Amino acid sequence: MNGDQDEFVLMGSPSECSYLPGRTSLFEYRLAINLTASRYDVLLEHGWRRFGRTLFRPQCPSCRECVGLRIDVGAWKPSKSQRRALQKNSDLQLTVVRPDVTDEHVELYNVYHEDMQQRRGWRANRTSKDQYYESFVAGRFSFSREFQYRRKGELVGLGIVDMTGTSMSSVYFIHHPAIRGDSPGTMSVAHELLTGQQTKHRWLYMGYYIRDCASMNYKNRFHPHQLLHEYVDDTQPAPWKDSSE
């Protein structure tokens, strides 16, 4: 436990990898009771991700495919395909609010995961209000935000995005299958970057880029970005490296 920040640190157990078949994954966890924005900035820089009160990063002994990726917010300019995704979804209304959980949230989460289970073979993953709360709302940290995308009042896309004084973290994004053909994932990242440019944030942390996983390999299409191949102790400088296009 880190007494100053009320963090409980533990190592998980080896399990079947959710991203790459035939691989075994191992994660290190922190349970954050009180998490300040400045402390969170340090953890983001060192490759940590957050769901609710739980932070995690990979420590797989024989695999290094999960590579941290962060986008230079100020230097980013939308590519042709990213501009096209924004245009396709130009009728959506974006509202940034504090995270919450309602029947609407749960319904969107479940219909999204059911679609991904059918199309990409994801594991069955229905949620309840209590489970959704623990994953995305618990802790009610001051830096947590919810990007709501609505079409004619209906919630069709939802992103959980953390926003500290200097950094943003794209935690999770779900969408209704009806808008799947309009590149909603690309659209959501583009809107997060546009918002970050308005608020003068330095980095947008995108979690882990995995080259051979279709659900995770789109992240390197946003330039310029940096990659983190090695997860070091929080007291050491994190070895981010620029990635050329």
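Our subject is the structure listed above.
If you're wondering where the values come from, they're calculated on a predicted model, not measured in any experiment.

1. Observations concerning a nonpolar patch on the surface
Right, on to step 1. Taken together, the side chains of Phe8, Leu31 and Ile33 present a nonpolar region at the surface, about 230 Å² in accessible area.
Right, on to step 2. Within the secondary structure layout, phenylalanine 8 lies in strand S1 (residues 7-11).
Right, on to step 3. Judged by relative accessible area, phenylalanine 8 falls into the partly exposed class, the value being 36%.

2. Things to note about the packing of helix H2 (residues 80-88) against helix H5 (residues 184-199)
Right, on to step 1. At a closest axis distance of 9 Å, the pairing of H2 and H5 adopts a crossing angle of 95 degrees. The orientation of H2 with respect to H5, classified from their angle, is roughly perpendicular. Two secondary-structure elements touch here, H2 through Gln82, Ala85 and Leu86 and H5 through Thr186, Met187, Ala190, His191 and Leu194.
Right, on to step 2. In terms of residue class, the contact of H2 with H5 is built from five nonpolar, three polar and no charged.

3. Remarks on the side chain of histidine 175
Right, on to step 1. Here histidine 175 is to be found in strand S11 (residues 167-175).
Right, on to step 2. According to the relative accessible area criterion, histidine 175 is buried, its value standing at 9%.
Right, on to step 3. If we skip the residues at most four places from it in the chain, histidine 175 touches Leu108, Tyr112, Val156, Gly157, Arg180 and Pro184.

Calculation criteria
Residues numbered from 1 in each chain as written. Predicted model: local features only at pLDDT ≥ 70, side-chain atom pairs only at ≥ 80, totals over all residues. Heavy atoms only, no water. Patch = residues over 30% accessible without salt bridge, like charges linked within 9 Å, V, L, I, M, F, W, Y side chains within 5 Å. Areas by Shrake-Rupley, 256 points an atom, 1.4 Å probe, with all protein chains shown as cover. Salt bridge = Lys/Arg side-chain N within 4 Å of Asp/Glu carboxyl O. Helix = DSSP H or I, 4+ residues; strand = E, 2+ residues; numbered from the N terminus. Buried < 20%, exposed > 50% of the residue type's maximum accessible area, 1.4 Å probe, protein only. Axes fitted to C-alpha atoms, helices over the stretch in contact; angles between N-to-C directions. Parallel < 35°, antiparallel > 145°, perpendicular 65-115°, else oblique. Contact = heavy atoms within 4.5 Å. Nonpolar A, V, L, I, M, F, W, Y, C, P; charged D, E, K, R; others polar.

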